[in-house]
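For reference, the chains in residue letters:
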Amino acid sequence: MSLFIQSSPIQTAAYLKTLPSIRERCIRVYELAKQDRLEFFKYSPEKEAEVVNFCINIIQRDFGSNYNSIPPHGRWRHFDTGRPRISSLILEWSKTNSELEVCKRIIDLFLVSVLLDAGAGNTWTYREEGSDHKYQRSEGLAIASLDMFRAGIFSGESRQPYRVDADGLSHLTAERVSSAMQVSASNPMTGIDGRATLLANLAKALRSNPTFFGPDGRPGNMLDFLASESLPSESPEYNARIHVSVLWTILIDGLAVIWPGSRTQLAGISLGDVWPCSALKSSNPNAADSADDLVPFHKLSQWLAYSLIEPIEKILKWKVEGTEDLTGLPEYRNGGLLVDLGVLSLRPDVIDRFFYPDESSSIPRLPPSHPAIIEWRAMTVIELDRIAEMIRKNLDSPRLSLAQVLESATWKGGREIAKQKRPTTGGPPIDIESDGTVF
């Protein structure tokens, strides 16, 4: 008698929204790569040493041998580009508010800012309010969202600008978001409509999940739910313990409706950042499970998790456990590092010429759903694990977390190698059409 019980589509959909499913499905793609069976990429593992050395040089340049001082990857860093901004807000708010309320405000800010943090394009810039400093990309988006937060744009409470809630978000339009982000014909941003739609959908998600976000639909109210699921701390360093799976439930289920309706669905359930991989399909055409070729990434949700864990641990002293389930982020900086240093290389003539809008450039421009992008992202997840482990061994620093490696090495390294190879734009080696919700 067979002990194998095939999962129902509903069970499979639930599984594909979990953190462990990300590595499990990406490993399948990696196994094909080792056999040279990917459709779009050639995998050259002998080039990994070059990536490791490149990353170690950056770590030692910026942190010397003080690896414990490396902060985790998170939105906090982007807010503090040029000068610290978040710590001063925390200090100011702490004078008249409880630690819980201060942390709620930071959660409000970080969540809405992360959801706005998809690729803005190579030319958009933002001038910080009250200064002459201009910023681009993730840092520009962070500071723009901070200025919007301070102005009360996300708040439905006129007497309290420093919050995000469903009422405030529901009144936002693409025009207002565009104006606040200083977008114009001479300062274009990709995916502005997608960002506005994401914020409108966020309002719906906050309203429809009072268990997580309270009756007023506020992101920071998730702390009340987390507190109800917390355990006593086993260390005097922390006040409580929370498992990352509880936070993940809030992010993946509580925010499910924010994703575009065009995303992959299974049994009528929208899966979010989950995509079919044609290489997996062709490798097992007789698979009993029709969802066997689906690969989850949940990049924006994981970016949220990394970003929210830091203030929860720093401000409230709640230890978040199980963070090893989080993966490296499959986006164009981490993935671009692998392409620019030769670990992954596009096979000749596999991308249709239609996807090369600039005939003088060798850089294709692909939609997020293109099978080459799915292979690239899946390989990025596994390669980040491999590179992080090699860095730990080379530095004799076994406690260096993946979040620290992302922050100090791979994401930064991807940006730096891009600037070296493409100094005019600093863009990635493969361009992705941003819809404001993935990259």
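Relevant structure appears above.
Please read these numbers as outputs of a predicted model, since none were measured by experiment.

### Considerations on the overall build of the protein chain
When you go through the protein chain residue by residue, the secondary structure sums to 18 helices and 13 strands. Its C-alpha atoms give the protein chain principal-axis dimensions of about 60 × 60 × 45 Å. For the protein chain, restricting intrachain contacts to residue pairs at least 6 apart in sequence, the fraction spanning at least 24 positions comes to 74%. If you sum the accessible surface of the protein chain, you get close to 18500 Å²; carbon and sulfur atoms cover 51% of it. Once the 48 positive and 55 negative side-chain charges of the protein chain are each reduced to a mean point, those two points are 2 Å apart.

### Re the sheet that holds strand β10 (residues 318-321)
Taken in spatial order, the three strands line up as β4-β5-β10 in an open sheet, and their pairing is mixed. Single-partner strands in this sheet number two, and they are β4 (231-232) and β10. Inspection of the sheet shows strand β5 (residues 240-243) paired to β10 by four bridges, in the parallel sense. Paired with Ala 240 across the bridge in β10 is Trp 318. Sheet strands in contact with helix α13 (residues 244-254) are β5 and β10, and its direction is about 55 degrees off that of β5.

### Side note on the pairing of β5
Across two bridges, the pairing between β4 and β5 is antiparallel. When the bridges of β5 are listed, Leu 231 appears paired with Arg 241.

### Here we look at the pattern of salt bridges
Applying the stated criterion to the full structure yields 32 salt bridges. For the salt bridge of Glu 101 with Arg 218, the shortest nitrogen-to-oxygen distance reads 3.1 Å. Of the two residues, Glu 101 sits in helix α6 (residues 99-115) while Arg 218 sits in the loop between α11 (210-213) and α12 (222-228), which places them 117 residues apart along the sequence. Under the relative-accessibility criterion, Glu 101 is labelled buried at 19%. Overlapping salt bridges, with partners in common, bring together Glu 24, Arg 25, Arg 28 and Asp 292 in one network.

### As for the nonpolar core
The biggest cluster of nonpolar side chains holds 138 residues, and the ones touching the most others in it are Phe 154, Leu 169, Met 181, Met 222, Leu 226 and Ile 391. The element best represented in this core is helix α17 (residues 371-395), accounting for 13 residues. Those residues in contact with Leu 226 that sit more than four places away from it in its chain are Ile 242, Val 246, Leu 247, Ile 250, Ile 312 and Trp 318.

### Examining the environment of Leu 172
Locating Leu 172 in the fold gives a position in the loop between α8 (166-170) and α9 (174-180). Between the alpha carbons of Leu 172 and Ile 153 there is a distance of 8.0 Å; along the sequence they are 19 residues apart. Filtering out sequence-adjacent residues up to four positions away, Leu 172 remains in contact with Ile 153, Phe 154, Val 177 and Leu 199.

### Re helix α3 (residues 48-63)
Residue pairs spaced three or four apart in an α-helix point in one direction, given the helix's 3.6 residues per turn. Between its terminal C-alpha atoms α3 stretches 22 Å, which fits the 22 Å expected from 16 residues at 1.5 Å a residue. Of the residues making up α3, those classed as buried are Glu 48, Val 51, Val 52, Phe 54, Cys 55, Ile 56, Ile 58 and Ile 59. Looking at the buried side of α3, the elements it contacts are β1 (41-43), α16 (332-340), α17 and α18 (402-421). Looking at the residues trailing α3, positive phi occurs at Gly 64, about 60 degrees.

Rules of the game
- Residue numbers here run from 1 along each chain, matching the order of that chain's written sequence.
- At least 70 in pLDDT is required for a residue's local features to be given in this predicted model, at least 80 for side-chain atom pairs to be given and counted, and no such filter applies to totals for whole chains, interfaces and linings, which use all residues.
- Side-chain metrics in this entry use all non-hydrogen atoms of the structure; hydrogen atoms and water are not considered.
- Runs of E in the DSSP output that reach at least two residues are strands. Runs of H or I that reach at least four are helices, and both are numbered from the N terminus.
- Contacts between residues were defined by any pair of non-hydrogen atoms, one from each residue, lying within 4.5 Å.
- Each accessible area is a Shrake-Rupley result for a 1.4 Å probe, and residues are judged covered by the shown protein chains and nothing else.
- In this count, Lys and Arg are taken as positive residues and Asp and Glu as negative ones, while His and the chain termini are left out.
- Taken as the charge centre is NZ of Lys, CZ of Arg, CG of Asp or CD of Glu, depending on the residue.
- Only when DSSP finds a minimum of two bridges between them are two strands counted as paired.
- Interaxial angle, 0 to 180 degrees, is taken between N-to-C directions of lines fitted to C-alpha atoms, where a helix line uses only the stretch in contact.
- Salt bridges are identified by distance alone: a Lys or Arg side-chain nitrogen within 4 Å of an Asp or Glu carboxyl oxygen.
- With a 1.4 Å probe rolled over the protein chains alone, any residue whose accessible area is under 20% of its type maximum counts as buried; one over 50% counts as exposed, and the rest are partly exposed.
- Only buried residues count toward a nonpolar core, which is a set of Ala, Val, Leu, Ile, Met, Phe, Trp, Tyr and Cys residues joined through side-chain atoms within 4.5 Å.
- Expected helix span is given by 1.5 Å per residue-to-residue step, counting one fewer step than there are residues.

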